[in-house]
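Overview (structure and organization)
Okay, here's what each chain looks like letter by letter:
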Amino acid sequence: MTEPILSMRRLGKTHGSGAQRVDALVNVDLDLMPGELIAVTGRSGSGKTTLLNMAGALDEPTTGEVIVAGENLAAMSKNDLARIRRVAVGYVFQQFNLLPSLTAAENISLPLELDGMNPAEARKLAEKSLEEVDMAGMEDRYPDQLSGGEQQRVAIARGLVGPRSVLLADEPTGALDEATSESILKLLRSRCDAGAAALLVTHEPAYAAWADRVVRLRDGRVEGISERTKSPLTTADIS
Amino acid sequence: MSGRKAAYKVARKNAIRNRKRTIFLVLLVAVPVALGVVVAGIVRASSLTPEERAQANFGNADAKFSVFSPTGEVYDWIRDTLTETAPGVTITELRQSFIRVGETVAIYAQVWDLDMSDPATQGFLVHVDGEIPAAPGEVAISPTLAEEMDVEVGGSVEFETLPFGELTVVGLVSQPFFNQSSDILLSPGALKPLVGDPELLPEPSLLVSGPGAEEAAMQVTDLWYSEGQQLFWPKPAVDPLPPELSFLQEDPNTFLLLTESDVDQLVDLARNADPGPGQTVEQIVYDATFQLIYGSGEFRGLPDLYLETRTQWLSQGVFEENPVVASTAAAAIVLVEVAFITGAAFAAGTRRRLREIGLMGANGASEKHVRATVVGEGLTIGAVGAGLGVVLGAAVMVLARPILQPFVSRVITGVGVTLTDVLGPVLVAMVAVVLAVLIPARTASKVPTTTALQGRMPALSPKKWVIPVGIGLAAVGGLLISVSLVSTSNYAGLLVGVGATGVVGGVAMLSSPILAGVAKLSDRVPATSRLVLRDSGRNRTRSAVAVAAIMVILLAPVAAMVTSATTAEKNLAFGLPAPSDHVVLSGNYENVTFGGANPITESDVAALAAILPEGDVVVFDVLDLFVMTDAILEVRESGDENSVANAQFTDVYGVAVASTDLTRVLGDDGVTTAVDAGDIVVLGVEEQKTRVEINGVEYPAREYPVPVVQWGMPRILIPEAMVAQFPDAETKPIALFTLERDLTDDEWNRLGSANLEVNAGYGTLDEATIYLLMGGATLLVVLIVVALVTAVSAAEVDQEIRTIVAIGAPGSVRRRFLGLLTGYQTLVAMALALPLGLGLVWVFSSAADYIQAGPFGVVDGSAITIPWLWLIPFAVVLPVIIGFLTLISVRSAPVTPPRRAT
């Protein structure tokens, strides 16, 4: 049986204490399999971003554990967590967050170079990654020379460059128009179909329909999980 | 107008919303303004107003006669004529003299003989404590003198140099504007009987007060010269003068003052004079007459009267430093840096507020409105900062009054500054802030609304005009400096200021294209370094401003290092710097009024040994020989190179006989060996091939770099065996004390008051220490500027760093990034400051049209010495240290996702 690439067990996150205590996440169990796209939905404050931050080694859980590519994040040092972010998981943000002073290829190769890879080799992988998101030929463009959709494609390419196989996307279409958003979701879907795994946080039920499973969060708890029955899912499945 | 009002409203609210940044900038403006106010206060407190100066000189009187009378008495003629001219005036006699009152320890004091109850004397002295002396034998002294002589009210005091005997201190008095002065106030009229000898009495003054006092005093002065003075002329010693001196008969200032002996000498001179070409016997005799009358050391003069009036003094104005100029200059120097930092802060702030600016545009704001928002915020901050600065400065003046008063030697009342004093710093602050925000305001206004709404700053392509304009500005500045250097105009100083500003500004402008250029070449450097280079190239408004700000600071140490090295090199013409642990005793001033010191005696050596008990002393003989070395002193006109080359330096200190004790104390084996071998030694010089000529005969000599005191101490040593070659030379002893340390201040003071001819080397810092201190001070100031610039731009950088962390960099990447960024900016600033500083020093030096020549060489006054061995490490190490200190002092980035745009 295939092992999950990302696994969360009885994950909990509490902010504050006493009367100020807020349970951002409570006993969340979730496995993300290779090739799987999971959409995480819920209202504001339901815990979506907290879940994503812990999956991406950006935040530490109060209880439970996160296992990425077979490695338990709980026992890791800060440097090891940084390494996980470089080699295992990639982030895609609503505002693209490309570094404006680097070209598209340089933005993508940055995590590889930070991991010690030879710049020339990193560049090759970056070019390949750009090809995979249909951005071949735009390696030397700077972010401000790209449209919003193109920037997000570069961000997805960066998130999955080299050995990275888990993409964590936080409202990746939040700053895009409908048509561009759809193209980004298609890209995400196709990258997952090619073997990557992705956790997609979204408000839009329509966009969640591209996922294999939809996890509904409410007040930090998993309210329900919808399995994919047909492609794409209908909004009825997740409403 | 309503649109602009709305824009200012947004500006005001923005300033309130970004409270931390606003407070930071307000303080940044306030501190230099406060500094300016304090400087104005100190300058104002250090200088007197015309009214205060008049009070210190006239008391409450309208006019003052200083009377020069051989008897020390005021002529009744003056009183009588004054009373006749203006019956209503009052006349008060005053005697005051600043003299040495302590012999063992040098104490000087102003001795006053005045009646403090007389209205005319009000304001000369203020009553501080105890009683005013009313009887002979009583005295009041100033608190400073009381402390110096360790005496209190009620105690008794005796002044060593004054024949007053023991006096009872009944009270304390002080000069109102010089509360650190040493004063002695005797009871009215007590001075004359105490002194006894009328010739020793201080010159009397007459204070004239009352209606018409000044006019009456002026009339009396006219009458004095037309008829009064001759009433008191002395009888001539010889009348009429012999025919040879008849031409002197017409001038009372010569004829009345000559003694019989003078006349005999002058007649001899007139008969035997041998006038050279262009000279006459009369001229020779006339010169000799003045030498006899005024060069004898005894005072000889005709009775005279000197009038000063209060109105004259008040019309002279203040000659001391102008507080307004001082405060403005002090504030302006610091505000140049403030303008850079404020500019960077506004540039960063504008980027952060792009969406807000976009929203303004979307709602109809024009470019003008956007500019008004940014400039309005600057104005608000400038106004609040300047106001706060004035308050802070005034508060410092009030709170620091106890510290400042002794420092400026007077009582400070109120805040100590006037409205005009603070106006300069306030205006400079407003101008600096407005200039600083103009570029960010223009940049913000040019961002297309759609781009601004997306929060994106369009990439700025390097402005093509920046390079030619920068070079042009620097060239025009250089031209202005060059013109000013050959100009004799009163505006030369202004030209230098404008020119130097142009050069510095022009070069600072080049930092932007340099940063852009380097960024383009960064493809092959490691990731973090590449990010730094690209960030600096992309955000040039921020980084170029930082580079310019640092460059301006670095100019100071670069110029100072070169100037220091140049001065040291030029001074080598006079030999190596004097050692600070050598003291030379070459004479005493016992009973010497004019002329040179007496030769030293054993008791002089003992007196010095008492002051310097740790000193190793040697007494050696000096032969009064005419010694010449290669060059001469200083020639100030160009074209004199030939005369310098042909001239020689006369060592007026003769030659020292190199006894065994002397060579031992000098402590150099080479000197000892050379002297033993019978060679003449030249001290304090090396590798100059110094030629030595004694009494016109050239002798072979060997140089040794043994530093010696340059005054009093001969620098030529001859072996004892050579003394016989100069049988006619007069010999006098000199004592050399050597210590293991520098002289203390107390020892300096005691040497100064010991009535001895003593010379010693000053405890100056060596070259390495000077450079290290300069480097340290520079590091400190650059760090402050770097910290400020980094603080204001960190928000902008942090957003990108969070992204880098999110994609896998550890949080420490922020420290590496900022460390590299500040180090790189300092390096670029250094790369600009180094040639610029050298160039400016070179330009200013090139105008020097003199040649510095000493006994050991000749140096062109326009030559500069560049201390490369110090400059290069300084240029390389400073950026590394700045970068490293930034790296260890900033925090790592938090491991959280980048902020969402709001």
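Residues numbered from 1 in each chain as written. Chains lettered and ligands numbered in written order. Predicted model: local features only at pLDDT ≥ 70, side-chain atom pairs only at ≥ 80, totals over all residues.

Scanning chain A from N- to C-terminus turns up eight helices and ten strands. A buried classification covers 54% of the 239 residues belonging to chain A. Summarising the internal contacts of chain A: among those between residues at least 6 apart in sequence, 68% fall at separations of at least 24. (Helix = DSSP H or I, 4+ residues; strand = E, 2+ residues; numbered from the N terminus. Buried ≥ 20, exposed ≤ 12 C-beta atoms within 10 Å, placed from the backbone. Contact = placed C-beta atoms within 7 Å.)

Turning our eyes to something else, we now look at the overall build of chain B. Looking only at helices and strands, one finds 29 helices and 25 strands in chain B. Taken across its 902 residues, chain B has 42% of its residues classed as buried. Taking the intrachain contacts of chain B between residues at least 6 apart in sequence as the baseline, contacts between residues at least 24 apart amount to 79%.

This next bit is on the pairing of strand E12 (residues 616–623) of chain B. All names here are of chain B. Bridge count for E12 against strand E22 (residues 731–738) is eight bridges, and the pairing is antiparallel. Note that in E22 the partner of valine 622 across the bridge is lysine 732. Examined bridge by bridge, E12 and strand E16 (residues 655–658) share two bridges and lie antiparallel to one another. What sits directly across from leucine 623, in E16, is valine 655. (Pairing = 2+ DSSP bridges.)

With 197 residues, the main nonpolar core has Leu200(A), Val29(B), Ile550(B) and Met551(B) as its most contacted residues. The greatest single-element share of this core, amounting to 16 residues, is contributed by helix H21 (residues 540–571) of chain B. Discounting residues that sit within four places of it in the chain, Val29(B) has contacts with Val338(B), Ile381(B), Gly382(B), Gly385(B), Ala386(B), Gly389(B), Ala429(B) and Val433(B). Ranked by size, the runner-up nonpolar core spans 50 residues in total, among them Leu585(B), Met628(B), Leu662(B) and Val682(B). (Core = buried A, V, L, I, M, F, W, Y, C linked by C-beta atoms within 7 Å.)

For the rest of this paragraph, the subject is the sheet that holds strand E23 (residues 756–760) of chain B. Residues and elements named next belong to chain B. The sheet built from eight strands is open, its strands ordered E20-E17-E21-E16-E12-E22-E11-E23 with mixed pairing. The open sheet has two edge strands with one neighbour each: strand E20 (701–704) and E23. Sheet twist, expressed as the mean angle between neighbouring strand axes with direction ignored, is 35°. With two bridges connecting them, strand E17 (residues 680–683) and strand E21 (residues 716–719) associate as antiparallel partners. The residue bridging valine 682 from the neighbouring strand is isoleucine 716, located in E21. (Axes fitted to C-alpha atoms, helices over the stretch in contact; angles between N-to-C directions.)

Time to look at the sheet that holds strand E9 (residues 213–218) of chain A. Sheets are built from strands paired through backbone hydrogen bonds, the pairs being either parallel or antiparallel. Residue and element names in this part refer to chain A. Across the sheet, which stays open at both edges, the six strands sit in the order E6-E7-E8-E3-E9-E10 with mixed pairing between neighbours. The open sheet terminates on both sides in strands that have one partner only, identified here as strand E6 (89–92) and strand E10 (221–227). If you compare each strand with its neighbour and ignore which way they point, the axes differ by 20° on average. Across five bridges, strand E7 (residues 166–170) lies against strand E8 (residues 197–201) in parallel orientation. For leucine 168, the partnering residue across the bridge sits in E8 and is leucine 199. Contacts from helix H5 (residues 148–159) reach E6 and E7 within the one sheet, and its direction differs from that of E6 by about 165°.

This brings us to the confidence of the model for chain A. On average, chain A scores 85 in pLDDT, and the residues at 70 or more come to 95%. Considering only residues more than four positions removed or in separate chains, one finds that residues 233–239 of chain A, a stretch of pLDDT under 50, has 16 contacts. (pLDDT = per-residue confidence, 0-100.)

A packed helix pair is summarised by two numbers, namely the angle formed by the two axes and the spacing between the axes. Residues and elements named next belong to chain B. At a minimum axis separation of 8 Å, helix H14 (residues 367–399) and helix H16 (residues 419–446) run at an interaxial angle of 155°. Judged by the inter-axis angle, H14 sits roughly antiparallel to H16. H14 and H16 meet at a crossing whose hand is right-handed. Its residues assigned to classes, the contact of H14 with H16 shows 20 nonpolar, five polar and three charged. (Parallel < 35°, antiparallel > 145°, perpendicular 65-115°, else oblique. Left-handed = near helix turned anticlockwise from the far one by under 90°. Nonpolar A, V, L, I, M, F, W, Y, C, P; charged D, E, K, R; others polar.)

Further remarks concern the interface of chain A and chain B. The interface is formed by 26 residues belonging to chain A together with 22 residues belonging to chain B. Contributions of two or more residues to the side of chain A that touches chain B are made by helix H2 (78–87), E6 and helix H3 (104–114) of chain A. Of the residues forming the side of chain A that touches chain B, the biggest block, five residues, is contributed by H2(A). Counted by class, the side of chain A that touches chain B contains eleven nonpolar, seven polar and eight charged residues.

A few words now on the packing of H3(A) against helix H4 (residues 119–132) of chain A. Residue and element names in this part refer to chain A. Put simply, H3 and H4 touch, their axes get as near as 8 Å, and they point 125° apart. Classed by the angle they form, the pair H3 and H4 counts as oblique. In the packing of H3 onto H4, the handedness of the crossing is right-handed. Contact residues: Ala104, Ala105, Ile108, Ser109, Leu112 and Glu113 in H3; Pro119, Ala122, Arg123, Leu125, Ala126, Glu127, Ser129 and Leu130 in H4.

All names here are of chain B. Tracing the backbone shows alanine 831 in helix H28 (residues 813–846). Alanine 831 gets classed as partly exposed once you count the C-beta atoms within 10 Å, which come to 17. Separated by 44 residues in the primary sequence, alanine 831 and alanine 875 have C-alpha atoms spaced 7.8 Å apart.

The next subject is the environment of Gly387(B). All names here are of chain B. For glycine 387, the position within the fold is in helix H14. Take glycine 387: there are 17 C-beta atoms within 10 Å of it, and that puts it in the partly exposed class. Each C-alpha atom of the pair glycine 387 and valine 33 lies 8.5 Å from the other, and the pair is 354 residues apart in sequence.

Residue and element names in this part refer to chain B. As for its placement among the helices and strands, phenylalanine 856 is situated in the loop between strand E24 (851–854) and strand E25 (857–860). Since 24 C-beta atoms lie within 10 Å of it, phenylalanine 856 is described here as buried. Sequence spacing of phenylalanine 856 and leucine 572 is 284 residues, and the spatial spacing of their C-alpha atoms is 7.3 Å.

Residue and element names in this part refer to chain A. Here E9 runs beside E10; their pairing, made up of six bridges, is antiparallel. The residue bridging arginine 216 from the neighbouring strand is glycine 224, located in E10. The antiparallel hairpin formed by E9 and E10 contains two residues in its connecting segment, where aspartate 219 sits at a positive phi of about 50°.

This next bit is on H16(B). The first and last C-alpha atoms of H16(B) sit 40 Å apart over 28 residues, in line with the 40 Å expected at 1.5 Å per residue. In the structure, H16(B) departs most strongly from a straight axis at Leu438(B), where the bend amounts to approximately 30° and where the proline Pro440(B) lies between one and four residues downstream. (Expected span 1.5 Å × (residues − 1). Bend = angle between axes of the 7 residues up to and from the residue.)

On to unusual backbone geometry. With an omega of -5°, the peptide bond running from Asp239(B) to Pro240(B) counts as cis. Phi angles above zero are rare outside glycine, and Ala69(A) is one such case at about 50°. Within the element layout of this structure, Ala69(A) appears in the loop between strand E4 (63–68) and strand E5 (71–72). A tally of 18 C-beta atoms within 10 Å means that Ala69(A) is categorised as partly exposed. Although it is not a glycine, Asp150(B) adopts a positive phi angle of roughly 55°. Mapped onto the secondary structure, Asp150(B) falls in the loop between helix H5 (143–148) and strand E6 (156–158). Residue classification places Asp150(B) among the exposed positions, given that 8 C-beta atoms sit within 10 Å.

On to the confidence of the model for chain B, then. Residue and element names in this part refer to chain B. On average, residues of chain B score 80 in pLDDT, and 87% of them reach the 70 mark or higher. Summarising per-element confidence for chain B, the mean pLDDT is lowest in strand E14 (residues 634–635) (40) and highest in strand E5 (residues 138–141) (92). Segment residues 631–647 is flagged for pLDDT under 50; beyond a separation of four residues in sequence, or across chains, it makes 33 contacts in the model.

For the rest of this paragraph, the subject is helix H18 (residues 466–486) of chain B. Residues and elements named next belong to chain B. Over its 21 residues, H18 extends 30 Å from the first C-alpha to the last, a length consistent with the 30 Å expected when each residue adds 1.5 Å. Every buried residue belonging to H18 is among Gly470, Leu473, Ala474, Gly477, Leu480, Ile481 and Ser484, and all of these are buried. On an axial view of H18, the arc spanned by its buried residues comes to 120°, and they lie on one face. Exposed and facing more than 90 degrees away from the buried side of H18 are Pro468 and Val486. (Arc of directions from axis to C-beta.)

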